[in-house]
Amino acid sequence: RQGTWQRKLYILWTMRQRDIDLDVASYISAISACGDSGKWLLALATLREMRQQHLEPPVVVHNAAITACARGGQWLLALAQLREMR
């Protein structure tokens, strides 16, 4: 599954460039792929972008962001994400 997160982020970028409305599922896919790969900075940036688009992140998105932070050794950021879920 090498490169999955790159493909998911590229698809997200392409959709934005073509003015295709992004939905929660589009972001879930990208953030989850980043989380699985431990790409915590990309996961958090994509989560921030999701919020800027006025989309409410479901629990699965927060879980993926927490996973990415934990895999990247960013425990304080993982805990911050946990607090944001409340």
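Residues numbered from 1 in each chain as written. Predicted model: local features only at pLDDT ≥ 70, side-chain atom pairs only at ≥ 80, totals over all residues. Heavy atoms only, no water.

Q: How would you sum up the overall build of the protein? Please name residues and give values.
A: Of the regular secondary structure elements, the protein holds 5 helices and 0 strands. Counting helices and strands in the order they occur from the N terminus, the protein gives α-α-α-α-α. Considered along the principal axes of its C-alpha atoms, the protein spans approximately 35 × 30 × 15 Å. A buried classification covers 38% of the 86 residues belonging to the protein. Taking the intrachain contacts of the protein between residues at least 6 apart in sequence as the baseline, contacts between residues at least 24 apart amount to 54%. Here the protein displays about 5600 Å² of accessible surface, and carbon together with sulfur accounts for 54% of that area. Here the protein carries 11 positive and 7 negative side-chain charges, and the mean point of each set is 10 Å from the other. (Helix = DSSP H or I, 4+ residues; strand = E, 2+ residues; numbered from the N terminus. Buried < 20%, exposed > 50% of the residue type's maximum accessible area, 1.4 Å probe, protein only. Contact = heavy atoms within 4.5 Å. Areas by Shrake-Rupley, 256 points an atom, 1.4 Å probe, with all protein chains shown as cover. Lys, Arg positive; Asp, Glu negative; His and termini not counted. Charge placed at Lys NZ, Arg CZ, Asp CG, Glu CD.)

Q: Can you tell me about helix α4 (residues 59-71), naming the residues and giving the values?
A: Between the first and last C-alpha of α4 there are 18 Å, a value that for 13 residues agrees with the 18 Å anticipated at 1.5 Å per step. Within the sequence span of α4, burial applies to V61, H62, A64, A65, I66, A68 and C69. Buried residues along α4 sit in contact with α2 (24-37), α3 (40-52) and α5 (75-85). Of the residues one or two after α4, G73 is the one with positive phi, at around 75°. (Expected span 1.5 Å × (residues − 1).)

Q: Can you explain the confidence of the model for the protein? Please cite residues and give values.
A: Confidence along the protein averages 91 in pLDDT terms, with 98% of residues attaining 70 or more. The least confident element of the protein is α5, whose mean pLDDT is 90; the most confident is α3, at 95. (pLDDT = per-residue confidence, 0-100.)

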